[in-house]
Amino acid sequence: MAVAADVVARTLAVVLAVALLSPRLVSSNSEGDALYALRKSLSDPDNVLQSWDPTLVNPCTWFHITCNQDNRVTRVDLGNSNLSGHLVPELGHLEHLQYLELYKNNIQGAIPAEFGNLKSLISLDLYNNNISGVIPPTLGKLKSLVFLRLNDNRLTGQIPRELVKTSSLKVVDVSNNDLCGTIPTTGPFEHIPLNNFENNPRLEGPELQGLAMYDTNC
Ligand SMILES: *[C@@H]1O[C@H](CO)[C@@H](O)[C@H](O)[C@H]1NC(C)=O
Ligand SMILES: *[C@@H]1O[C@H](CO)[C@@H](O)[C@H](O)[C@H]1NC(C)=O
């Protein structure tokens, strides 16, 4: 009896250890891989990404990266860093990321739809770049998002109505782009000043309730 119980206990201990450790190791590596994919996609004349070494066990010691106590990435702080190149869909794997700060660079190309998987994201700051394409409707999945600053880029298309359901949103700035259609007026958009939509020559002003769906001028 005692021997059998001991074997069971040991087996359980091993199973438990594996269950607790492996997701953590796997996720640390995958977060480093996701960030390294970003590094490879960017041109970095000032070498601000020099410490981003993918052979380290996790990215938590890299400059401009902050992690929580479980070594999961919570912040990427690369504003004003003279970076150019493209964003990468792999960033969508950073499920504990709260702050993505990439403002005042010269990043071009689209915002990956996969950013809608950043379920902990509080702040998406991509203002003052050269980003084109549409604002991905998947951003409407971000239930913690408070700051969405996309101003001073070359974004086109409508302001996705999916964002109207993001009740956590406090600050939206999409001024100085090339958006079209109308400005949402419900949900969090009730409290966003109209200045934050200015200088979009094709944007037509606040929508009439419910009429956005029929906007074909865009
Ligand atoms: C930014 O990078 C360019 C090269 O792409 C360089 O000529 C310029 O001096 C850099 N600017 C700053 C502020 O570091
Ligand atoms: C912005 O990106 C476009 C390509 O999408 C490029 O032709 C243009 O030179 C870029 N602007 C600046 C200021 O780098």
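An unreviewed UniProt entry lists the protein under the name (wild Malaysian banana) hypothetical protein, from Musa acuminata subsp. malaccensis.

## Comments concerning the packing of aromatic side chains
Within the structure shown, the criterion is met by 3 aromatic pairs. Between tyrosine 103 and tyrosine 127, the ring centres sit 4.9 Å apart and the planes meet at 10 degrees, which makes this aromatic pair stacked. Taken together, the residues span a long stretch of sequence, with tyrosine 103 in the loop between strand S5 (99–101) and strand S6 (106–109) and tyrosine 127 in the loop between strand S7 (123–125) and strand S8 (130–131) at a distance of 24 residues. The exposure class of tyrosine 103 is partly exposed, given its relative accessible area of 24%. Between phenylalanine 189 and phenylalanine 197, the ring centres sit 6.4 Å apart and the planes meet at 40 degrees, which makes this aromatic pair tilted. Among the residues examined, phenylalanine 189 registers a relative accessible area of 4% and is labelled buried. Sitting over the face of the ring of tyrosine 99, arginine 75 holds its NZ or CZ atom 4.3 Å from the ring centroid.

What counts, and where the lines are drawn
- Residues numbered from 1 in each chain as written.
- Chains lettered and ligands numbered in written order.
- Predicted model: local features only at pLDDT ≥ 70, side-chain atom pairs only at ≥ 80, totals over all residues.
- Heavy atoms only, no water.
- Phe/Tyr/Trp six-rings, centres within 6.5 Å; stacked < 30°, edge-to-face > 60°.
- Helix = DSSP H or I, 4+ residues; strand = E, 2+ residues; numbered from the N terminus.
- Buried < 20%, exposed > 50% of the residue type's maximum accessible area, 1.4 Å probe, protein only.
- Lys NZ or Arg CZ within 6 Å of the ring centre and 35° of its normal.

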